[in-house]
Amino acid sequence: MLTKIAGGDIIDPVNGRLGKGDLWISDDKIVAAPAAGAADRTFDAAGCIVMAGAIDIHSHIGGGNVNTARLLLPEQHAAHQARPATTPLSNAGWSTFQTGCLYAKMGFTTVVEPAMSPGAALHTHLELADIPIIDKATLAILGNDDFLLSMIRDDASSQMIEDYVAWTVASTRALGVKVINAGAAAAFKENVRTFSLDDVVPSYGVSSRKIVKTLQAAVASLGVPHPLHVHCNNLGSPGSADTAAATIAAAEGLPLHLAHLQFYGYGTEGKRRFSSAAARLAELVNATPEVTIDIGQVMFGQTVTVSSDVMRQFSARGSAQPKKSVIHDGDGNGGGIVPYRYGKDFYGTMQWAIGLELFLLIDDPWRVFFTTDHPNGAPFTAYPALFELLMSREARTEMMAGLPKSAMALSTLAAVDREYTFEEIAVMTRAAPAKLLGLTDRGHLGAGAIADIAVYRREDNIAKMLGQAAYVFKDGDLVVQDGEITHYRWGKALRLNPSPDKAMLRRLVDYHQQRYGLSLDWFNFPDSAIAREQPFGEVACRT
Amino acid sequence: MAVAWIGNRETLVERAAAHAAALLWSSRCPVFSLDTDIHGTRAAIALAERVGAAYDHANGAAVSREVALFTDKGAMTVAPGETRRRADVVVIVGELLQIHHEFVGELAETVPDLSAKNQREIFLVGSNETSAPRLSNGRTATLLSCGEAGLGATLAALRAQWRGRQTSQPVSNFDDFAKALAAAHFPVFLFSGDATEGLALEMLQGLISDLNRKSRASGLHLPASENGWGSALASTWMTGFPLRTGFARGFPEFDPWRYDVARMIAAGEADLHLRISSSTVQPQKKRNRMALIALAKTQQPVAGAAVTIAIGDAGVDHQAVVYSSRTGSLRSVEARAASELPSAATVIRLVASHVSAEAALPC
Ligand SMILES: [Zn+2]
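Quick caveat: nothing in here was measured; it's all calculated off a predicted structure. (Residues numbered from 1 in each chain as written. Chains lettered and ligands numbered in written order. Predicted model: local features only at pLDDT ≥ 70, side-chain atom pairs only at ≥ 80, totals over all residues. Heavy atoms only, no water.)

Undergrad: So what's going on with the coordination of the zinc ion? Residues and values would help.
TA: Residue and element names in this part refer to chain A. Surrounding the zinc ion are the protein donor atoms His58 (NE2), His60 (NE2) and Asp373 (OD), which sit 2.1 Å from the metal. Site description for the zinc ion: donor spacing in sequence, H-x1-H-x312-D. Of this pair, histidine 60 sits in the loop between β6 (54-56) and α1 (64-72) while aspartate 373 is found in the loop between β20 (368-369) and α12 (383-391), placing the two residues 313 residues apart along the sequence. Aspartate 373 matches histidine 60 in its accessibility class, with the two residues each being buried. (Donors = N, O, S within 2.8 Å, 3.2 Å for Na, K, Ca; no water. Helix = DSSP H or I, 4+ residues; strand = E, 2+ residues; numbered from the N terminus. Buried < 20%, exposed > 50% of the residue type's maximum accessible area, 1.4 Å probe, protein only.)

Below, the structure written as structure tokens:
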């Protein structure tokens, strides 16, 4: 079937296509305008902007910890429940079903769950498979697991480490690798309560830095397109900007991605010894081309923090609101769930301002990624409001007027004039994520790309415009019209599939038998366990 | 072999499914009780949504106590693998289900390889009547009891004594326990909601929290029902809520009292009961006039059921995904003795296909 999206303002930075024109789709792919022949269907996009479907590189949408957060907080859903039920599970609040629908309505067509515990890979993929419409992907967590730490301690060859990383990525069906407070979860099990880049995990004698550098090298050498995704040490603490700066410096020319930099943008100035270090970090990022970051923007209101940084979550237990939390010591990282409310007080305001400063002071939209670290900084449903803050200085000024002056005085935000353009938004939320993840088939509107397309009707209210797409196409299917879901379908989980080394496989069989008393079969699963047609889509490693 | 019945009359599965769908469609207040794998649960919840049913686990009370620990208070927990590799003190809290005894035996036979201590001491919180898992090499768990006191009160006394407070009745062998804890690197408390009242679970978490002020400790959740906990997890991701959720108003509502299916049946609120039991059926006497649809591994119609459809046992007759308390996560299991019997999920989807609905999203 031939589809024409007619007369929209096309914004496709990858192919240098900017301006009024038509976009053609044949079945599930974007095609060049046909020389002859008429469209089977035409959508009028006059007065609209047309972009590729958006890609979220870091949003906690499924898996053990996310589900535990749902379990801990049944009251979180109450607010979603009052609308009439016209579609299956449509009022289910923060469910897998709603996750797919709400993302699609905003024009997002691919979302990465960045913290899959390898031992919970099947659980994670079952949840992701129940998220409709969009494509998904996961990053597998390594760096607190005994197998890796033991190999590093024992000076295993880089080849062996790569074999283990490849086996983990392949068996968990991941698209990349993440390390979360490297070594800290292992150290916490031995009663260590704070952990920095050059601290050493007891019993292993391995530093956090060594773990990060080892994994960074293995990921690069294996040709995993996405650089090692790093959640640094000391998240959330005053002075954590020093840790972030040290980690940026540790990239040393090889690609490295730092997650939710906002949570490390904290200096120790002012009488509360908590200030913005965003300008300093932005300058470092600007000067370090091998580093990419995402923000983890804070937006005001109730949310829940979900993190595999179990040491940090344990220390944040006291600030839980409502007063309950879950702390889990897992096989590798485990995790912690702590509900939290970002108020318009000094601290909440600082965090809000620091995120925006980073967005606006980092120059290159190819290296800064749009996230709230859902749900840690805010639920992803806050995205439209966040787009507005980035694209409108006036919206920021209006917001700042209602915030404590004591906090704004410690931030440079009020002095920043920059407003993101639609072209920069298209880079940050489409082109750059596709490049970062190695997904050549999306993030742009060139011929041959899959037809993941978001069409937004222009209006002054940016939040409304980008919050309710006029049309969204996923693989060529029209799934959203005028901000409402018109068609349900199942997406895929995108994964790498490096072939595992046989000797490593034998080692792992022995290891699981000896240490856990279980055959490796207990942890593996066939694709058929997901019980959907084609649950996975394969992405190539770089050669 | 017959696989479906309407009343006592043998029929085709297709026809039985259509009849079940008609009963569900005309029911005013249908309730489901589940004892099935993950895909059976997913299919059942999708059907519940279409027909406005409430659902619960077959042993709803115990699963609900475990769920309530999380929804009301939260918890500190540890993975079973870490327990095996790290726990130098293991404390069994109350009576554990038979299915967990093998793992406890394994803990008794092994030493923690990730602990400097290289040995494991085992305690049991309970009374003289508490039956403990049999340990090998003649080992016995050291009993921590408080006379006639129940588990909650014993845990409260244990916690108070650990904090150095006076208690009306001291806990037996407390000094041994205190000594073991003082030397321990990672004590782990094994708990379940089966024989443990909710308050005891909270008291236990209070003790674990106290211990974590200065050193490490955690709790290993050994669920009262593996299928029950698996269903609770799947329900939580699909609807946002655990079991005891109902679709009476068209959208999911979680209410552990109102949607207690056993209570709804006893109170006469429910008028149709869909019972899904992937494991071998325990024939239950039907004590009321409410219609019953039974999906069970059976070779004959379930007594009194309006519809009976035979299903296979998950992981025996067909491949399945189940919760495994041994790994603390979901696990894929191959069919141990593959048969023609359909899975619960297959039969439930067949029933759902006969329920008229505009619903566009098959699960
Ligand atoms: Zn995150």
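So much for the structure itself; the text now carries on.
Undergrad: Lay out the nonpolar core with the relevant residues and their values.
TA: The nonpolar side chains of a soluble globular protein tend to be buried with one another. Ranked by internal contacts, the top residues of the largest apolar core, which has 241 residues, are Phe359 of chain A together with Phe32 and Leu47 of chain B. For this core, the domains that each give at least three residues are domain 1 (4-59 + 226-353) and domain 2 (67-221) of chain B. Apart from the residues lying within four places of it in its own chain, the contact partners of phenylalanine 32 of chain B are Leu24, Ala44, Leu47, Ala48, Val51, Ala53, Ala54, Tyr55, Asp56, Val261 and Leu274 of chain B. (Core = buried A, V, L, I, M, F, W, Y, C linked by side-chain atoms within 4.5 Å. Domains from an automatic or database assignment. Contact = heavy atoms within 4.5 Å.)

Undergrad: Lay out helix α7 (residues 208-222) of chain A with the relevant residues and their values.
TA: Residue and element names in this part refer to chain A. Counted at 1.5 Å a residue, the expected span for α7 with its 15 residues is 21 Å, and the 21 Å between its end C-alpha atoms agrees. Every buried residue of α7 is accounted for by Ser208, Ile211, Val212, Thr214, Leu215, Gln216, Ala218 and Val219. In the stretch just after α7, glycine 223 is the one whose phi turns positive, near 75°. (Expected span 1.5 Å × (residues − 1).)

Undergrad: Describe the pairing of strand β9 (residues 176-180) of chain A, and please don't skip the residues or the numbers.
TA: In the case of a regular strand, side chains alternate between the two sheet surfaces. Residues and elements named next belong to chain A. Among the five residues that make up β9, five are buried, leaving the element largely enclosed by the rest of the structure. With burial as the criterion, each face of β9 is covered, one bearing Gly176, Lys178 and Ile180 and the other bearing Val177 and Val179. Of the strand pairs in this sheet, strand β8 (residues 135-141) and β9 are connected by three bridges, and their pairing is parallel. Note that in β9 the partner of leucine 139 across the bridge is glycine 176. (Pairing = 2+ DSSP bridges.)

Undergrad: Hey, could you go over the side chain of glutamine 351 of chain A for me, with residue numbers and the actual values?
TA: Checked against the element boundaries, glutamine 351 of chain A lands in helix α11 (residues 346-361). In contact with glutamine 351 of chain A, not counting residues within four places along its chain, are Gln262, Phe263, Tyr266, Phe274, Val298 and Tyr342 of chain A.

Undergrad: Hey, could you go over the pattern of salt bridges for me, with residue numbers and the actual values?
TA: Residues and elements named next belong to chain A. All told, the structure shown has 41 salt bridges over all chains when counted by the stated rule. Measuring nitrogen to oxygen at the nearest pair gives 2.7 Å for the salt bridge that ties aspartate 130 to arginine 532. Of this pair, aspartate 130 sits in the loop between α3 (121-129) and β8 while arginine 532 sits in the loop between α17 (502-516) and β26 (536-539), placing them 402 residues apart in sequence. What makes arginine 532 buried here is its relative accessible area of 16%. For the salt bridge of glutamate 252 with lysine 213, the shortest nitrogen-to-oxygen distance reads 2.7 Å. In this pair, glutamate 252 is assigned in the loop between α8 (240-249) and β13 (256-258) and lysine 213 in helix α7, connecting sequence segments 39 residues apart. On the basis of relative accessibility, which here comes to 23%, the residue lysine 213 falls in the partly exposed class. (Salt bridge = Lys/Arg side-chain N within 4 Å of Asp/Glu carboxyl O.)

Undergrad: Before we move on, can you summarise helix α5 (residues 101-109) of chain B with the specific residues and values?
TA: Counting buried residues in α5 of chain B gives seven out of nine residues, a clear majority hidden from the surface. Among the residues making up α5 of chain B, those that are buried are His101, Phe103, Val104, Gly105, Glu106, Leu107 and Ala108 of chain B. Those residues of α5 of chain B that are buried are in contact with α17 of chain A together with α4 (80-86), β6 (89-93), β7 (121-125), β9 (187-191) and β10 (218-221) of chain B.

Undergrad: Outline the packing of helix α4 (residues 146-153) of chain A against α17 of chain A, listing residues and values.
TA: Residues and elements named next belong to chain A. Between α4 and α17, the least distance of the axes is 12 Å, while the angle of their chain directions is 115°. Taken together, the axes of α4 and α17 lie roughly perpendicular to each other. In this structure, the crossing between α4 and α17 has a hand that is right-handed. Judged by residue contacts, Asp146, Phe147 and Met151 of α4 engage Met504, Arg507, Leu508, Tyr511 and Arg515 from α17. A breakdown of the residues in the contact of α4 with α17 according to their chemical character gives five nonpolar, no polar and three charged. (Axes fitted to C-alpha atoms, helices over the stretch in contact; angles between N-to-C directions. Parallel < 35°, antiparallel > 145°, perpendicular 65-115°, else oblique. Left-handed = near helix turned anticlockwise from the far one by under 90°. Nonpolar A, V, L, I, M, F, W, Y, C, P; charged D, E, K, R; others polar.)

Undergrad: Before we move on, can you summarise the domain arrangement of chain B with the specific residues and values?
TA: Residue and element names in this part refer to chain B. Examined at the domain level, chain B breaks down into domain 1 (4-59 + 226-353) and domain 2 (67-221). On a C-alpha basis, the centres of domain 1 and domain 2 stand 35 Å from each other. Contacts between the two partners involve 10 residues from domain 1 and, on the opposite side, 11 residues from domain 2. Broken down residue by residue, the surface that domain 1 buries against domain 2 is led by Trp229, Ser325 and Arg326, which jointly contribute 63%. The interface formed by domain 1 and domain 2 includes one salt bridge. A salt bridge links arginine 326 to glutamate 106; the nearest nitrogen and oxygen atoms lie 2.5 Å apart. (Buried area = accessible area lost by both parts, 1.4 Å probe.)

Undergrad: Tell me about the packing of aromatic side chains, and please be specific about residues and values.
TA: Residues and elements named next belong to chain A. Summed over all chains, the structure comprises 27 aromatic pairs over all chains. Pairing tyrosine 103 with tyrosine 383 gives two aromatic rings, centres 6.3 Å apart and planes at 70°, and the pair type is edge-to-face. With a gap of 280 residues between them, tyrosine 103 in helix α2 (residues 96-105) and tyrosine 383 in helix α12 connect regions that are remote in the sequence. Per residue, the accessibility class of tyrosine 103 equals that of tyrosine 383, and both read buried. The structure contains a cluster of three or more aromatic residues connected by ring pairs, namely Tyr103, Phe108, Phe359, Phe370, Phe380, Tyr383 and Phe387. (Phe/Tyr/Trp six-rings, centres within 6.5 Å; stacked < 30°, edge-to-face > 60°.)

Undergrad: Please provide a residue-by-residue account of empty space enclosed by the protein, values included.
TA: With the rule as written, the count across this model stands at eight cavities of 30 Å³ or more. Estimated volume of the second largest cavity: approximately 70 Å³. For the second largest cavity, the full set of lining residues is Pro118, Gly119, Ala121, Leu122, Trp522, Phe523, Asn524 and Phe525 of chain A together with Thr327, Leu330 and Arg331 of chain B. When contributions to the lining of the second largest cavity are tallied by element, the ones reaching two or more residues are α3 of chain A together with β17 (329-333) of chain B. (1 Å grid on protein atoms, 1.4 Å probe; cavity = no way out; pocket = protein on both sides within 12 Å on 5 of 7 lines; lining within 4 Å. Points joined across faces, edges and corners; volume = space filled by probe spheres on them.)

Undergrad: So what's going on with the interface of chain B and chain A? Residues and values would help.
TA: Where the parts come together, the accessible area they lose is often given as the size of the interface. Facing 61 residues of chain B, the contacting portion of chain A comprises 61 residues. For the pair chain B and chain A, the two sides together bury roughly 5,000 Å², of which 57% comes from carbon and sulfur. In this structure, the connection of chain B to chain A is made through five salt bridges. Put simply, aspartate 146 of chain A and arginine 85 of chain B hold a salt bridge, and the shortest N to O gap is 2.7 Å. Inspection of the chain B/chain A interface yields 29 residue pairs in polar contact (both at pLDDT 80 or more). Elements supplying a minimum of two residues to the side of chain B that touches chain A: α2 (38-51), α3 (60-73), β5 (74-78), α4, α9 (226-239), β12 (253-254), β16 (320-324) and β17 of chain B. At six residues, the largest contribution of residues to the side of chain B that touches chain A is made by α9 of chain B. Partitioned by chemical class, the residues of the side of chain B that touches chain A number 25 nonpolar, 19 polar and 17 charged. (Polar contact = N/O pair within 3.5 Å; in protein donor to acceptor, adjacent residues only side chain to side chain.)

Undergrad: Provide a residue-level description of the confidence of the model for chain A, including the pertinent values.
TA: Residue-level pLDDT values for chain A average 95, and 97% of them are 70 or greater. For the stretch residues 79-92 of chain A, pLDDT sits under 50, and the model shows 41 contacts to residues farther than four places along the chain or on other chains. (pLDDT = per-residue confidence, 0-100.)

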